[in-house]
Amino acid sequence: MDNRKTRFLIGYIVLAVLLAALFVINLWAGSANVGFKEIWDIILGRSADSTAAKIILDMRLPRLLAAALLGGCLAVSGFLLQTFFANPIAGPFVLGVSSGAKLAVALVMILCLENGIVLSSGFMVAAAFAGSLVSMGFVLLIAGRVKKMATLIICGIMIGYICSAITEFLVTFAADSNIVNLHNWSMGSFSGIGWDNVKVIAITAAFGLICAFLLAKPMNAYQLGENYARSMGVPIRAFRVALIILSSLLSACVAAFAGPISFVGIAVPQLAKALFNTSKPIHMVPACFMAGASFCLLSDVLARTLFAPTELSVSSVTAVLGAPVVIYVLIKRRKGEA
């Protein structure tokens with residue numbers, strides 16, 4: 001086995017061990033004291049404590065599964081956008097895609113709930129997908145008029161600010177009795193996610209991963225240049241549309257259930273690339289998914305336990321953990337251009 005394959009194997013083992021450890025910690029950590037042995041008995045169905053079983057099976061387990069799946073989706077979405085724009089700081093949160101999805105979901109929730117209409121999980125994902133596509137459409141429209149990536153990034157941030165401001169306006173004037181936890185969701189949170197939501201998230205994540213793997217070969221060619229990809233038979237226009245739709249779907253799923261989660265889509269792909277020392281999609285797609293899952297599990301457990309019983313927004317924690325990575329990438333990129 002050569003050094004490159006050994007590095008890939010070690011990288012996957014590190015991510016798997018980290019993911020497993022964070023999975024156990026998230027099951028154990030919380031305001032209610034449930035021991036490891038009792039958790040194991042609950043999972044195996046051997047515990048007689050119905051209260052502890054409800055806490056583990058109905059609250060903590062679906063929440064941590066959602067955090068892992070959504071974190072993975074967000075990281076893969078970021079990798080797809082970075083491949084599309086050939087820029088390491090492109091991501092769904094920075095480009096305003098997450099904010100567009102957030103605005104669409106907030107609008108639909110307010111209109112439906114205030115009229116007594118019950119929203120399904122699939123409908124929320126569809127609304128978020130529509131919002132993310134509209135935001136991405138504005139970004140692509142601007143991309144056709146500007147040549148500098150820095151200008152495009154700034155425009156994306158401005159689109160995000162506009163969407164967030166409109167969302168906050170809607171939340172402020174929504175009826176509190178009807179819009180339960182909407183403010184917490186708008187700040188980014190994995191709380192309140194149930195098994196029905198987890199099923200929809202799992203289906204969306206599985207579909208996204210399969211599609212990303214199918215696009216791995218043309219993505220690899222696209223990374224070497226548009227002309228090279230075209231010479232290898234990649235239909236550039238269709239490929240770009242596929243990347244945008246897939247990235248928007250993955251980030252929309254996150255926004256629909258957890259609100260906007262910042263910096264995961266930018267920082268995690270960079271960490272995965274550093275760990276594996278490659279940017280090949282066939283390795284980066286699973287690596288980004290596993291790293292994104294670990295990143296969000298760590299952020300969620302910190303959000304729940306740092307100032308317990310007060311719970312922080314997950315987006316605040318991911319910003320604190322992810323922003324230094326982005327700053328490092330920018331400094332490193334600046335030095336490389338000098």
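Residues numbered from 1 in each chain as written. Predicted model: local features only at pLDDT ≥ 70, side-chain atom pairs only at ≥ 80, totals over all residues. Heavy atoms only, no water.

Here's the deal with the overall build of the chain
- When its secondary structure is counted, the chain shows 14 helices and zero strands.
- Along the chain direction, N to C, the helices and strands of the chain fall in the order α-α-α-α-α-α-α-α-α-α-α-α-α-α.
- A globule of 338 residues ought to have a C-alpha radius of gyration of about 20 Å, and the chain, at 20 Å, matches this closely.
- Principal-axis analysis of the C-alpha atoms places the extent of the chain at approximately 65 × 55 × 35 Å.
- Evaluated residue by residue, the chain yields a buried proportion of 50% over its 338 residues.
- The contacts of the chain with a sequence gap of at least 6 include a subset with a gap of at least 24, amounting to 78%.
- Of the roughly 16300 Å² of accessible surface on the chain, a fraction of 68% belongs to carbon and sulfur atoms. (Helix = DSSP H or I, 4+ residues; strand = E, 2+ residues; numbered from the N terminus. Rg over C-alpha atoms; globule rule 2.2 N^0.38 Å. Buried < 20%, exposed > 50% of the residue type's maximum accessible area, 1.4 Å probe, protein only. Contact = heavy atoms within 4.5 Å. Areas by Shrake-Rupley, 256 points an atom, 1.4 Å probe, with all protein chains shown as cover.)

Describing the pattern of salt bridges
- If you walk through the whole model with that rule in mind, you get six salt bridges.
- Here Arg-230 ties to Glu-226 by a salt bridge, and the two come within 3.1 Å at their closest N and O atoms. Of the two residues, Arg-230 and Glu-226 both sit in helix 10 (residues 226–231), four residues apart, roughly one turn of that helix.
- Residue classification places Arg-230 among the partly exposed positions, given a relative accessible area of 43%.
- Between Arg-240 and Glu-226 there is a salt bridge whose closest N-O contact spans 2.7 Å. Remark: Glu-226 occurs in helix 10 and Arg-240 occurs in helix 11 (residues 236–258); sequence separation between them is 14 residues.
- Residues joined by salt bridges that share partners form a network here, namely Arg-63, Asp-300, Arg-304 and Glu-311. (Salt bridge = Lys/Arg side-chain N within 4 Å of Asp/Glu carboxyl O.)

Brief notes about the packing of helix 1 (residues 3–28) against helix 2 (residues 36–43)
- One can describe the packing of helix 1 onto helix 2 by two numbers: an axis separation of 10 Å at closest approach and a directional angle of 95 degrees. With respect to their mutual orientation, helix 1 and helix 2 come out roughly perpendicular. Contact residues: helix 1 offers Val-24, Leu-27 and Trp-28, while helix 2 offers Phe-36, Ile-39 and Ile-43.
- Classifying every residue of the contact of helix 1 with helix 2 gives six nonpolar, no polar and no charged. (Axes fitted to C-alpha atoms, helices over the stretch in contact; angles between N-to-C directions. Parallel < 35°, antiparallel > 145°, perpendicular 65-115°, else oblique. Nonpolar A, V, L, I, M, F, W, Y, C, P; charged D, E, K, R; others polar.)

Considerations on the nonpolar core
- Counting residues in each nonpolar core, the largest one holds 91 residues, and the members touching the most others are Leu-70 and Phe-85.
- The element contributing the most residues to this core is helix 3 (residues 50–85), with 19 residues. (Core = buried A, V, L, I, M, F, W, Y, C linked by side-chain atoms within 4.5 Å.)

Points about the packing of aromatic side chains
- Applying the stated rule across the entire model yields four aromatic pairs.
- Note on Phe-84 and Phe-85: the rings are 4.8 Å apart at their centroids and 75 degrees apart in plane angle, and the pair reads as edge-to-face. Phe-85 carries the same exposure label as Phe-84, and that label is buried.
- Their ring planes at 50 degrees and their centres at 5.1 Å tell us that Tyr-222 and Phe-239 sit as a pair that is tilted. With a gap of 17 residues between them, Tyr-222 in helix 9 (residues 216–223) and Phe-239 in helix 11 connect regions that are remote in the sequence. Take Tyr-222 and Phe-239: they sit in the same class, and that class is buried.
- Among the aromatic residues, those joined into a cluster by ring pairs are Phe-8, Tyr-12 and Phe-276. (Phe/Tyr/Trp six-rings, centres within 6.5 Å; stacked < 30°, edge-to-face > 60°.)

A look at the side chain of Thr-167
- Structurally, the position occupied by Thr-167 is in helix 6 (residues 149–172).
- In this structure Thr-167 comes out as buried when scored by relative accessible area, which is 0%.
- With near-sequence residues (within four places) excluded, Thr-167 lies in contact with Lys-102, Leu-103 and Ala-106.

Observations concerning the environment of Leu-81
- Looking at the element boundaries, Leu-81 is found in helix 3.
- Residue classification places Leu-81 among the buried residues on the basis of a relative accessible area of 1%.
- Along the primary structure Leu-81 and Ala-104 are separated by 23 residues, whereas in three dimensions their C-alpha atoms are 21 Å apart.
- For Leu-81, the residues in contact, after removing those within four places along its chain, are Ala-90, Gly-91, Pro-92, Leu-95, Met-136, Ile-244 and Ser-247.

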